Amino acid sequence: MLKKLENSGIFGKIRDFSTKKAAKGNLNRYIQRQSTDEFTVKAREHNYRARSAFKLIEINEKFKFLRPGITVVDVGCAPGSWLQVVVDKCPNGYALGLDLQNVLPIRGADILSQSDVTSPEIQAKIREKLQMRQGTVDVVLSDMAPNPTGDSETDHLRLIDLCRTVFRLFSKENTVENAFELSRKNGVFLCKIWDGSGRGEFVRELSDRFSMVKTMKPMACRDMSAELYLFCRGFR
Ligand SMILES: C[S@@+](CC[C@H](N)C(=O)[O-])C[C@H]1O[C@@H](n2cnc3c(N)ncnc32)[C@H](O)[C@@H]1O
């Protein structure tokens, strides 16, 4: 990759030699981090499908919300590393994952591939699957990421919108036809956002419905990334 960039002439545009050397050095370090960073290596060792497994593991170590026997819905689950963690931490529970993309099967999880959470038909399917269980959900996870447009503010607002769609699906006074119920006994909603101007308002909306809303950036998030996780507990 470094060679390709060199050939593209990008470094030729930097006149100052020391700056050029520093830029190449930074990029080299970045490329190395991509393929060998601690979490990528650990993910391979533990057979997780993605390094993001360690984000959920860290958040769970802090808040201890994944436990045996619970029902978990994981929205935007592909390739499936969060689901792998859920299945592992919640034996005898029920894990339902869905994603726009195809997701390879995971033993112990129910998966809806090629499924858009904003579609009423898919929402009806989720509700149907949950009704076959006890009906309420203990934990709703959303690690969704829409395709980036390149404009960070637009991307930020689109992701908040997606998170809001999920939030409204289990909200008490919602009028969404296919809503399902989040447990009032310590129900948890964990969602990823990309930081930006709409964060405050969304956190306020969540705070109206949850007794606790915490913002965190797990160690496995890449340094440059604007991603943050909102952990909400105590649904009312
Ligand atoms: C960062 S990945 C999730 C990684 C996953 N947590 C894991 O650990 O394997 C984000 C996913 O969100 C999905 N996604 C984006 N918009 C979606 C939507 N409207 N409905 C369902 N999934 C969506 C994408 O297809 C993508 O696979």
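Scroll up a little and you will see the structure.
Throughout, a residue's number is its position along its own chain's written sequence, starting from 1. It should be noted that, the model being predicted, local features are given only for residues of pLDDT at least 70 and side-chain atom pairs only at 80 or more, the latter also being counted only at that level, while totals for whole chains, interfaces and linings use all residues. Think of the side-chain values as coming from all heavy atoms in the structure, minus any hydrogens and water.

Draft legend 1. Molecular detail of the site of the ligand. Here, proximity means that at least one heavy atom of the residue falls within 4 Å of the molecule or strand. The full set close to the ligand counts 19 residues, and G80, S81, D99, D116 and D143 are the nearest of them. Any pair of nitrogen or oxygen atoms within 3.5 Å is treated as a polar contact; in protein, a donor-acceptor pairing is required on top of that, and neighbouring residues in sequence qualify only through side-chain atoms on both sides. A distance of 3.1 Å is found between an oxygen atom of the ligand and a backbone nitrogen or oxygen belonging to W82. Out of a free accessible area of 610 Å², the ligand has 89% covered by protein chains. When its residues are assigned to classes, the shell around the ligand shows nine nonpolar, six polar and four charged. Using a 1.4 Å probe, accessible areas were evaluated by the Shrake-Rupley method; residue-level cover was limited to the displayed protein chains. The nonpolar class holds Ala, Val, Leu, Ile, Met, Phe, Trp, Tyr, Cys and Pro. Asp, Glu, Lys and Arg form the charged class, and all remaining residues, Gly among them, are polar.

Draft legend 2. Up close: the nonpolar core. Residues I126, F170, F189, F202 and F210 are the most contacted members of the largest nonpolar core, which totals 35 residues. Put simply, DSSP H or I for four residues or longer makes a helix, DSSP E for two residues or longer makes a strand, and each gets a number counted from the N terminus. Of all the secondary-structure elements, those providing two or more residues to this core are β1 (71-75), β2 (94-98), α6 (120-132), α7 (152-169), β7 (188-194), α8 (199-209) and β9 (227-235). In terms of residues, this core owes the most to one element, α7, which gives seven residues. Whether two residues touch is decided by their heavy atoms; if any such pair falls within 4.5 Å, the residues are in contact. With residues near it in sequence (within four places) discarded, F170 still touches V140, F180, L182, F189, F210 and F235. By nonpolar core is meant a set of buried Ala, Val, Leu, Ile, Met, Phe, Trp, Tyr and Cys residues that side-chain atoms within 4.5 Å join together. Residue exposure (1.4 Å probe, protein chains only): buried if accessible area is under 20% of the type maximum, exposed if over 50%, otherwise partly exposed.

Draft legend 3. Looking closely at the packing of aromatic side chains. Classification of ring pairs uses Phe, Tyr and Trp, with its six-membered ring standing for Trp, and accepts pairs whose centres are within 6.5 Å; under 30 degrees between planes counts as stacked, over 60 as edge-to-face, and the remaining range as tilted. Inspection of the entire model under this criterion finds 13 aromatic pairs. Here F170 and F235 contribute two aromatic rings whose centre-to-centre distance is 5.7 Å and whose plane-to-plane angle is 80°, an arrangement assigned as edge-to-face. In this pair, F170 is assigned in the loop between α7 and β6 (181-182) and F235 in strand β9, connecting sequence segments 65 residues apart. A relative accessible area of 3% places F235 in the buried class. An aromatic cluster is defined as three or more aromatic residues linked by ring pairs; in this entry it consists of F167, F170, F189, F202, F210 and F235. Over the aromatic face of F54 sits the side chain of K42, whose NZ or CZ is 4.8 Å from the ring centroid. Over a ring means this: the NZ of a Lys or the CZ of an Arg is within 6 Å of the ring centre and within 35 degrees of the ring normal.

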